Amino acid sequence: MALDYLRNEEAANSLVREVRARGDEAMALAGDVADPRQARQLVRDVVTAWGRLDILINNAGIWKEDRAGRGDLEVWDETIAINLRGVHIVTDAAIPHLEKTGGSIVFVSSTAGQRGEAEHSAYASTKGALISYTKSLAAELGPRGIRVNCIAPGWVETDLTREALSDPERRRRIEESIPLGHVAQPEEIAGPVLFLVSDLARHVQGEVLNVNGGSVLIG
């Protein structure tokens, strides 16, 4: 397993140690997916280290407020650069290697990409675009032996949401909006991802798997 990080080296190394303690291979790679050179180098480093690439999980993303009517192009440009353009660059670089192994790609979208999100339209737009990107690549890459799918999480306990969830009253309202009654933990997202890249899902292609506790019911 290889994981990319931008700033939090200690968290990345902690996960690497955890994986290695179970007897599996792991490494952490620093790189900004918004930079084409760095993004492509991430793929080259993995292939150099292990000689192949079997699975790509596109999880890079930022979530920043942008209120309509303020002309905040900076947030839009940064969000598109990371959430969409960066994801495309890494994916495009990975495809030749995944074609050799019959590999699998999973994009991490969001409920925001399915229903929109007030005051976060840049984020929602990029996550919606990932759903379209998933379906486009699923049709194109299926004949080339690559499976392409997507998950759409709702609220998840991560660094991205920590500030929003730290307000007890806001957290209570969020949890009340989720039929299963709680904010997801990271492992509750990892399980569905593992399913999509496993042989159990070998006939699943172009799927958007909802992992949101029932908060958004889209078939």
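In what follows, the accompanying structure is described. (Residues numbered from 1 in each chain as written. Predicted model: local features only at pLDDT ≥ 70, side-chain atom pairs only at ≥ 80, totals over all residues. Heavy atoms only, no water.)

What about the sheet that holds strand β4 (residues 104-108)?
Let me state the cut-off plainly: Being paired, for any two strands, means DSSP has found at least two bridges between them. Every helix listed is a DSSP run of H or I at least four residues long, and every strand listed is a run of E at least two residues long, numbered separately from the N terminus. Orientation is described by axes fitted as lines to C-alpha atoms, over the contacting stretch for helices, and by angles from 0 to 180 degrees between their N-to-C directions.
Strands sit in the order β3-β4-β5-β6 across an open sheet of four strands; the sheet is parallel. Edge positions in the open sheet fall to β3 (55-58) and β6 (208-211), since each of these has one partner strand only. Neighbour-to-neighbour, the strand axes of the sheet open up by a mean angle of 20 degrees, direction not taken into account. Where β4 lies against strand β5 (residues 147-153), five bridges are found, and the strand directions are parallel.

Considerations on the packing of aromatic side chains
Geometrically, a pair of aromatic rings is defined through the distance of the ring centres and the angle of the planes. In plain terms, the rule: The aromatic pairing rule takes the rings of Phe, Tyr and Trp, using the six-membered ring of Trp, and pairs them if the centres are within 6.5 Å, calling planes under 30 degrees apart stacked, those over 60 edge-to-face and the rest tilted. Throughout, exposure labels follow a simple rule: accessible area from a 1.4 Å probe, protein chains only, divided by the maximum for the residue type, with under 20% read as buried, over 50% as exposed, and the rest as partly exposed.
Evaluated as defined, the whole model comprises three aromatic pairs. Summarising the aromatic geometry, the rings of phenylalanine 107 and tyrosine 133 are spaced 5.2 Å apart at their centres and angled 50 degrees between planes, so their arrangement reads as tilted. A residue pair is termed long-range when its members are at least 10 positions apart, and phenylalanine 107 in strand β4 and tyrosine 133 in helix α5 (residues 121-141) qualify at 26 residues. We classify phenylalanine 107 as buried; its relative accessible area is 0%. An aromatic cluster is defined as three or more aromatic residues linked by ring pairs; in this entry it consists of Trp63, Tyr123 and Trp155.

Comments concerning a positive patch on the surface
Note the cut-off: Residues enter patches when their relative accessible area tops 30% and they take part in no salt bridge; the joining distance is 9 Å for like charges and 5 Å for the nonpolar side chains Val, Leu, Ile, Met, Phe, Trp and Tyr. Here the open area of atoms and residues is found with the Shrake-Rupley method and a 1.4 Å probe, where only the protein chains shown may cover a residue. A carboxyl oxygen of Asp or Glu within 4 Å of a side-chain nitrogen of Lys or Arg is what we treat as a salt bridge. Counting rule for charge: Lys and Arg are taken as positive, Asp and Glu as negative, and neither His nor the chain ends is counted. A charge is said to be at NZ when it belongs to Lys, at CZ for Arg, at CG for Asp and at CD for Glu.
A cluster of basic residues, Arg37, Arg40, Arg44 and Arg85, forms a positive patch at the surface. Counting residues per element, the positive patch draws most heavily on helix α2 (residues 36-50), which supplies three residues. Checked against the element boundaries, arginine 37 lands in helix α2.

With respect to unusual backbone geometry
Non-glycine residue glutamate 119 carries a positive phi angle of around 65 degrees. Turning to its location among the elements, glutamate 119 is positioned in the loop between α4 (112-115) and α5.

Let's talk about the pattern of salt bridges
Pairs can form between side chains of opposite charge whenever their charged atoms are close. Here the structure, examined in full by the defined rule, presents 14 salt bridges. The partner of arginine 22 in a salt bridge is glutamate 18, and the shortest N-O contact between them spans 4.0 Å. Shared partners join several salt bridges into a network, and the residues in it are Glu169, Arg172, Arg173 and Glu176.

Remarks on the side chain of asparagine 149
Which entries qualify depends on this criterion: Nitrogen and oxygen atoms within 3.5 Å of one another constitute a polar contact, given that in protein one can donate a hydrogen and the other can accept it, and given that sequence-neighbouring residues count only through two side-chain atoms. A contact between two residues is defined here by any heavy atoms of the two lying within 4.5 Å.
Note that asparagine 149 resides in strand β5. The exposure class of asparagine 149 is buried, given its relative accessible area of 0%. Polar contacts involving the side chain of asparagine 149 include one to the main-chain amide nitrogen of glycine 206, which spans 3.0 Å. The residues contacting asparagine 149, other than those within four sequence positions of it, are Ile105, Val106, Phe107, Thr134, Leu196, Val204, Gln205, Gly206 and Glu207.

A few points about the nonpolar core
Threshold: Here, nonpolar core means buried Ala, Val, Leu, Ile, Met, Phe, Trp, Tyr and Cys residues that are tied together by side-chain atoms lying within 4.5 Å of each other.
Of all hydrophobic cores here, the largest spans 31 residues; its most connected members are Leu53, Leu98, Ile105, Phe107, Leu141, Ile146 and Val148. Breaking this core down by element, the ones donating at least two residues are β2 (27-30), α2, α3 (73-101), β4, α5 and β5. With seven residues, α3 is the single largest residue contributor to this core. The residues touching leucine 53, leaving out its near neighbours within four places in the chain, are Val43, Val46, Val47, Ala94, His97, Leu98 and Thr101. Core analysis: the second largest hydrophobic core is formed by 10 residues, Val106, Ile189, Val197 and Val211 among them.

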